[in-house]
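Below, each chain spelled out in residue letters.
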Amino acid sequence: MIGPATHRLEYGAEATLSSFAPGDLRPSGPNSVLVPQRVETRHGRSVATYLGHEFDAGRLAVRYGLRFAAFERVGQGPRYRYANDAPIVYNPVTDRYEAGQLLDSARVSRGDRLSQYSGFEPRASARVSLTPSASIKASYARTRQFLHLVSNTNSPSPLDVWEPVGPHVRPLLSDQYAIGGSQRAGEYELTVEAYYKTMHNVADFIDGADVVLEPRLETTMVQGDGRAYGLEFYARRTAGRTTGWVSYTVSRSEQRFPPPRSSGATSGGGVNGGAWYDSPHDKTHNLSVVSAYRWKPTWTLGTTFLLASGLPVTLPQSRYVIDGFLVLEYGARNGARLPLYHRLDVNLTWQRRRSEFQFGVLNAYNRFNAQSLRVRQRGDR
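Report on the accompanying structure. (Residues numbered from 1 in each chain as written. Predicted model: local features only at pLDDT ≥ 70, side-chain atom pairs only at ≥ 80, totals over all residues. Heavy atoms only, no water.)

Some remarks on the overall build of the protein chain
- Looking only at helices and strands, the protein chain has zero helices and 26 strands in total.
- Principal axes of the C-alpha set define a box for the protein chain whose edges measure 70 × 60 × 45 Å.
- When the 381 residues of the protein chain are sorted by exposure, 30% land in the buried category.
- Taking the contacts inside the protein chain whose residues are at least 6 apart along the sequence as the reference set, 64% of them involve residues at least 24 apart.
- For the protein chain, the exposed surface amounts to about 23,700 Å²; the carbon and sulfur share of it is 55%. (Helix = DSSP H or I, 4+ residues; strand = E, 2+ residues; numbered from the N terminus. Buried < 20%, exposed > 50% of the residue type's maximum accessible area, 1.4 Å probe, protein only. Contact = heavy atoms within 4.5 Å. Areas by Shrake-Rupley, 256 points an atom, 1.4 Å probe, with all protein chains shown as cover.)

Set out below in structure tokens:
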């Protein structure tokens, strides 16, 4: 039976002022061949309010709430205007996207609004206890993200830049659904959960984009849809001389970018022809095994084993020399993967009355895990 319910009310508000400095390029001396370059600082302000309610009636627990979030992109800074309001256009001759025609720009005074986005973010979760040791749960949540991570592996510098939304860059909107269950049996616990997530206004870059110190990132960006789904398994032992847990996730994370309506493309175009492809962070398989063995009262041996699918990469398929310049032709975006990642870490802990000493070995069997690939021409061709 469901017992007397306990209630809890949560509420809050926040306001934030933000500044983002993409960076600048400064020559090291008077004889440097570099041309000074500076990208203006972006400014924004955001507000959010939240109201939530939680009640627990023993076998049934429910939590739900509503959040309202808003973001304003403000000056001081330039406002750009493009022909047909299209920062990028599709060129059918080259089958590529390129920067749209810049009509003019206007200077926006400090604190004046450049753009504004807002919306509600509902969320809810429920847990039902079937027995004292077994339960099922489900949840839903909507979120908005007003910052986009600007990361492009084709850039000459391994820098990540956060770009706030603006007149031509929309916020990321996501909806996530999850359902799962857990079971305890003495010192063992098992949890299984499935999830599905949809995303809109995911950002990626057109082929050949150089995002480092680019003052008009909207001329290199496309926005489209994303989805992620998977199944997670988690098993843990909490008592005994040997404790630890095993976690395994099989999942997919994909995105697609059909031609923007303002680009002028009537067929084809888009990234990878507008089809779904693996996102840069996709890991089909992800396994973690962690254990701790107390073989003496003051000595504990711990191990951590990690195994994961290699991250997606884009590799060149061929190369040409045109007018003395070397030109690479790349395959499908994220059409290849890095090798399988795995490693074993071992540590030994010696506990004293008021102190503790730890001895550890990382990557115990000296696995060479690839973080990136360098492509070169074979010497026999």
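Don't stop here, the text continues.
Notes on the pairing of strand β14 (residues 172-185)
- In terms of strand pairing, strand β11 (residues 134-145) meets β14 through 12 bridges, oriented antiparallel. If you follow A138 over to β14, its bridge partner there is I179.
- Note: β14 against strand β15 (residues 188-205), 13 bridges, orientation antiparallel. Bridge pairing links S182 to T191 in β15.
- Here β14 hands over to β15 after two residues, with G186 in that stretch at a positive phi of 65°. (Pairing = 2+ DSSP bridges.)

Here's the deal with the environment of P215
- Within the secondary structure, P215 is located in the loop between β15 and β16 (221-237).
- In sequence terms P215 and P78 are 137 residues apart; their C-alpha atoms lie 9.8 Å from each other.
- If sequence neighbours within four positions are ignored, P215 has contacts with V39, R42 and Y80.

Concerning the environment of P297
- Inspection of the secondary structure assignment puts P297 in the loop between β19 (285-296) and β20 (299-308).
- Along the chain, P297 and R241 lie 56 residues apart, while their C-alpha atoms are 9.8 Å from each other.

Considering the packing of aromatic side chains
- If you walk through the whole model with that rule in mind, you get 10 aromatic pairs.
- Following the ring pairs from residue to residue traces out a cluster consisting of W295, W299, W350 and F357.
- Stacked on the ring of Y80, the Lys or Arg R216 has its end atom at 5.7 Å from the ring centre.
- The aromatic ring of W276 is capped on one face by R227, whose charged end is 3.9 Å from the ring centroid. (Phe/Tyr/Trp six-rings, centres within 6.5 Å; stacked < 30°, edge-to-face > 60°. Lys NZ or Arg CZ within 6 Å of the ring centre and 35° of its normal.)

Things to note about the environment of V327
- In this structure, V327 sits in strand β23 (residues 325-330).
- A C-alpha to C-alpha distance of 32 Å links V327 and E40, two positions 287 residues apart in sequence.

Quick look at the side chain of T300
- Mapped onto the fold, T300 is located in strand β20.
- Once you skip the residues sitting within four places of it in the chain, T300 turns out to touch A292, Y293, R294, W295, N347, L348 and T349.

Here's the deal with the side chain of D282
- For D282, the location among the structural elements is in the loop between β18 (277-278) and β19.
- Judged by its relative accessible area of 1%, D282 falls in the buried class.
- A polar contact of 2.2 Å, which involves the side chain of D282, links it to the side chain of R337.
- In contact with D282, other than residues within four places in its own chain, are S251, R252, S253, G310, L311, P312 and R337. (Polar contact = N/O pair within 3.5 Å; in protein donor to acceptor, adjacent residues only side chain to side chain.)

Description of the pattern of salt bridges
- One pass over the full model with this rule turns up 23 salt bridges.
- Between R8 and E10 there is a salt bridge, and its shortest N-O distance comes to 3.7 Å.
- Salt-bridge contacts for R333 lead to D204; the nearest nitrogen and oxygen are separated by 3.2 Å. Residue R333 is located in the loop between β23 and β24 (336-337), and its partner D204 is located in strand β15; the two are separated by 129 residues in the primary sequence.
- Beyond isolated ion pairs, a larger network of salt bridges with shared partners links R227, R252, E254, D278, D282 and R337. (Salt bridge = Lys/Arg side-chain N within 4 Å of Asp/Glu carboxyl O.)

As far as function goes, none of this settles anything; it's purely spatial.
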